[in-house]
Amino acid sequence: MRRRVGPGAAATRVWAQAIAAALLLAGCQARGPAGEAPPPPSSTPAVRLPPPAVPSPTAGQGGPRIAVVDIARASRAHPRWPELASLDQRIADLQAQLSVPPSVPFQPPRIDLAPQMKAEAEREVAQLRPEFRREFQQQAQALRDAARRELEAYAAKVRADQQAQFDARRAELEAQARKAVADKQQELATDNEQFEQQTMQQYRLPLLNLRLKLEDVQQTDKQQVDRLTAQMQALTKERDDKIAAHEKANQQALQDFQKQQGQAYTQALQDLQRQLSTQGQALIDERSGEINARLRTHLQAQQEELNRQLNERLQTRLKAREETLVASAREQLTRAQEQAQAAARARVQALRAQLVAAEQQRSRLLSSILADVRVEAAALAQQHGYDLVLTQTLAAADAVDVTDELVARLRR
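An account of the accompanying structure is given in this report.

Definitions and limits used
Residues numbered from 1 in each chain as written. Predicted model: local features only at pLDDT ≥ 70, side-chain atom pairs only at ≥ 80, totals over all residues. Heavy atoms only, no water. Helix = DSSP H or I, 4+ residues; strand = E, 2+ residues; numbered from the N terminus. Expected span 1.5 Å × (residues − 1). Bend = angle between axes of the 7 residues up to and from the residue. Axes fitted to C-alpha atoms, helices over the stretch in contact; angles between N-to-C directions. Left-handed = near helix turned anticlockwise from the far one by under 90°. Contact = heavy atoms within 4.5 Å. Nonpolar A, V, L, I, M, F, W, Y, C, P; charged D, E, K, R; others polar. Salt bridge = Lys/Arg side-chain N within 4 Å of Asp/Glu carboxyl O. Buried < 20%, exposed > 50% of the residue type's maximum accessible area, 1.4 Å probe, protein only.

### Details of helix α6 (residues 222-384)
Item 1. With 163 residues, α6 should cover 243 Å at 1.5 Å per step; its first-to-last C-alpha distance of 165 Å lies more than 12% under that length.
Item 2. Taken as a whole, α6 carries its principal kink of about 45° at Gln315.
Item 3. The first or second residue beyond α6 is Gly385, which carries a positive phi of 80°.

Right, here's the structure in full:
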């Protein structure tokens, strides 16, 4: 059986629960983790409402109408909640950077003493005795002249040997060409004689028959004589033309052969000249390389002797100059380290200033969000005639959870 409770007992129970809920609320000013709603402020356990414009439906029943709101969920529904989450992330990043000991991004200045030392050495070398330099140049020039004369003499000998080889080979090629032409001429002359004999033999019987017929009719029929005479003349001309055409063809063949031999002779001479020139140039280049190698060896030896003497002179003065430059470099290094440390301190100060500004901005934004939540909750309570809106309760007896409706109002 459910026990009935009178209006006075119910009211007493609700107010007791409201007071207990107010004592359990957490403070709202502390910053919660990013993405979570901040707890409601401890100073506002419930939203105090203005007197309703119309009589409460429950006023005649002896107790106030109470609503409850999950302020954490309602705050997350606020349109500016992503800004608060972004600020939380920004604050966490700044705190993480400040938790790491500041590193000093020190890049030591690049100090290269070589160019200055080289300049000092060049100045010292410029002060050496002029005759020492002139002696070196004279010896080097004498070596170069001797090398040039040696190479010119060798090149002259190579060219003379090449000319002798060229002349000998040219005589051989000329003799071969003349013999080839003579052999070809003899071959064609023999061919002409053979062709002439064959042709004469071919036409001998027909001409003999015509001649015999002409002797038989010579005294009887003049027309027959003229006809036979014309045939003999035509056949003789045909025979002579064949022989002449064959001789002409052989004469043209001989001329073509002579032309080919002349071209082959010219080409052979050109090939021989290129071959001898290439061989001669290779010999000259080889000898030039040998002479230049010897010359470089002599010049290098002289240069090494000059360097040795220069080093003896330079050691004393350059050592003092080097000590001065090293001291200056150390001073630059110390200044660079101090500047790097100052930059690190300035960076820490800047991060701290950014953190303070971000925390202040977060506090202002959170207060604005909570103020909007309170305003919307009060409007919602006034709209529905609630006497009291609690942000947290231990027991929700006779209290209505209006969080979803409040979220909907905030998202409009």
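### Here's the deal with the packing of α6 against helix α7 (residues 403-410)
Item 1. It is the contact of α6 with α7, at a shortest axis distance of 10 Å, that shows an interaxial angle of 120°. Classified by chirality, the crossing of α7 by α6 is right-handed. Contacts between α6 and α7 involve Asp372, Val373, Glu376, Ala377, Ala379, Leu380, Gln383 and His384 from the first element and Glu405, Leu406, Arg409 and Leu410 from the second.
Item 2. Partitioning the contact of α6 with α7 into residue classes produces six nonpolar, two polar and four charged.

### Thoughts on the pattern of salt bridges
Item 1. The tally for this structure, following the rule as stated, stands at 16 salt bridges.
Item 2. For Lys157, the salt bridge goes to Asp161, with nearest N and O atoms at 3.1 Å. Remark: Asp161 and Lys157 occur in helix α5 (residues 130-216); sequence separation between them is four residues, near one turn of the helix.
Item 3. Residue classification places Lys157 among the exposed positions, given a relative accessible area of 52%.
Item 4. One salt bridge in this structure joins Glu305 and Arg308, with 2.6 Å as the shortest N-O distance. Taken together, the positions of Glu305 and Arg308, both in helix α6 and three residues apart, correspond to about one turn of that helix.
Item 5. The class of Arg308 is partly exposed, set by a relative accessible area of 39%.

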